[in-house]
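A look at the structure
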Amino acid sequence: HGGGDITMIRNIQKVDDDIIEMKRLIKQKLIADKDILEALHNPDIDIESPDEFLDTNIFGFIRIPHTQDTVRNFICFTVDDIEEHHFNTHLKVQQIQFNCICHLDDMKTDYGFDRHDLLGYLVRSIFNWTNDFGLQFKLVYNKESTIDSDYYCRTLRFEREFTNSLNKATRSNPYDKL
């Protein structure tokens, strides 16, 4: 059901989920950076209204652009818990992947390098070794690719070792009785 009048049993305003919380924080970091908004180059959105970039140029999931009349550039990202730590079950490896996707017709910038590389640099400058998320993320992958004949992509992947839901290990599941 996509919204409507259904009321959920769980308190969705207080979701205790590492991935949902991380995606919220990443969106806030991206729209707070005026260089990112400028580099996305959307003349239809005022940089002073950064929330408008969400779900237009910034997506919390990997989105493959389709043929459209308007040339757009995107930053799409995912957050994944990819494995339990090899030697310590109290830790897990968490990964953020960013895809900086740019249209061929808007690839050139005034700075002498291509837009997807500029966006990749800006994302890297925000997220590599930052202390804003507790344990630091480090860049482990930075690769260029093509999506189709019109869209080109710079993919960046960051990883960190992170606590493996330790707060959840000592309490019972409140939804067992549903």
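What counts, and at which threshold
- Residues numbered from 1 in each chain as written.
- Predicted model: local features only at pLDDT ≥ 70, side-chain atom pairs only at ≥ 80, totals over all residues.
- Heavy atoms only, no water.
- Helix = DSSP H or I, 4+ residues; strand = E, 2+ residues; numbered from the N terminus.
- Buried < 20%, exposed > 50% of the residue type's maximum accessible area, 1.4 Å probe, protein only.
- Areas by Shrake-Rupley, 256 points an atom, 1.4 Å probe, with all protein chains shown as cover.
- Disulfide = S-S within 2.5 Å.
- Core = buried A, V, L, I, M, F, W, Y, C linked by side-chain atoms within 4.5 Å.
- Contact = heavy atoms within 4.5 Å.
- Patch = residues over 30% accessible without salt bridge, like charges linked within 9 Å, V, L, I, M, F, W, Y side chains within 5 Å.
- Salt bridge = Lys/Arg side-chain N within 4 Å of Asp/Glu carboxyl O.
- Phe/Tyr/Trp six-rings, centres within 6.5 Å; stacked < 30°, edge-to-face > 60°.
- Lys NZ or Arg CZ within 6 Å of the ring centre and 35° of its normal.

**Examining the overall build of the protein chain**
A tally of helices and strands in the protein chain yields four helices and five strands. Along the protein chain, helices (α) and strands (β) appear in the sequence α-α-β-β-β-α-β-β-α when read from the amino end. Here the protein chain, with 178 residues, has 35% of them falling under the buried criterion. Carbon and sulfur atoms make up 48% of the accessible area of the protein chain, which totals about 11,000 Å².

**Examining the environment of Asp55**
Here Asp55 lies in the loop between helix H2 (34–40) and strand S1 (58–59). In this structure the C-alpha to C-alpha distance between Asp55 and Cys76, which are 21 residues apart in sequence, comes to 9.5 Å.

**Brief notes about the state of the cysteines**
Taken as a whole and judged by the stated rule, the model has zero disulfides. Cysteine Cys102 shares no disulfide, and the gap to the nearest cysteine sulfur, in Cys100, comes to 6.9 Å. Unpaired in terms of disulfides, Cys153 finds its nearest cysteine sulfur in Cys100, a separation of 6.9 Å. In this structure Cys153 comes out as buried when scored by relative accessible area, which is 2%.

**Topic: the nonpolar core**
Judged by nonpolar contacts, the single largest core of 29 residues is most densely connected at Ile26, Leu30, Ile75, Phe98, Val123 and Phe127. Among the secondary structure elements, those contributing two or more residues to this core are helix H1 (18–32), H2, strand S2 (74–84), strand S3 (91–103), helix H3 (115–127) and strand S5 (151–163). Ignoring any residue separated from it by four or fewer positions in sequence, one finds Ile75 in contact with Leu30, Ile36, Leu40, Asn57, Ile58, Phe59, Phe98, Asn99, Cys100, Leu119 and Val123. Formed by six residues, the second largest nonpolar core is a distinct cluster that contains Phe74, Cys76, Tyr151 and Cys153.

**Side note on a nonpolar patch on the surface**
A contiguous nonpolar patch, built from Met8, Ile12, Val15 and Ile20 and spanning about 370 Å² of accessible area, is present on the exposed surface. Relative accessible area serves as the criterion here: at 42%, Ile12 is assigned to the partly exposed category.

**Looking at the packing of aromatic side chains**
Scanning the entire structure with this criterion turns up nine aromatic pairs. Taking 5.9 Å as the distance between ring centres and 85 degrees as the angle between the ring planes, the aromatic pair formed by Phe98 and Phe158 counts as edge-to-face. In this pair, Phe98 is assigned in strand S3 and Phe158 in strand S5, connecting sequence segments 60 residues apart. Like Phe158, Phe98 is buried. Clustering of aromatic rings is evident, with ring pairs tying together Phe77, Phe98, Phe127, Phe133, Phe137 and Phe158. When the ring centre of Tyr141 is taken as origin, the NZ or CZ atom of Arg157, which lies over that ring, is 4.0 Å away.

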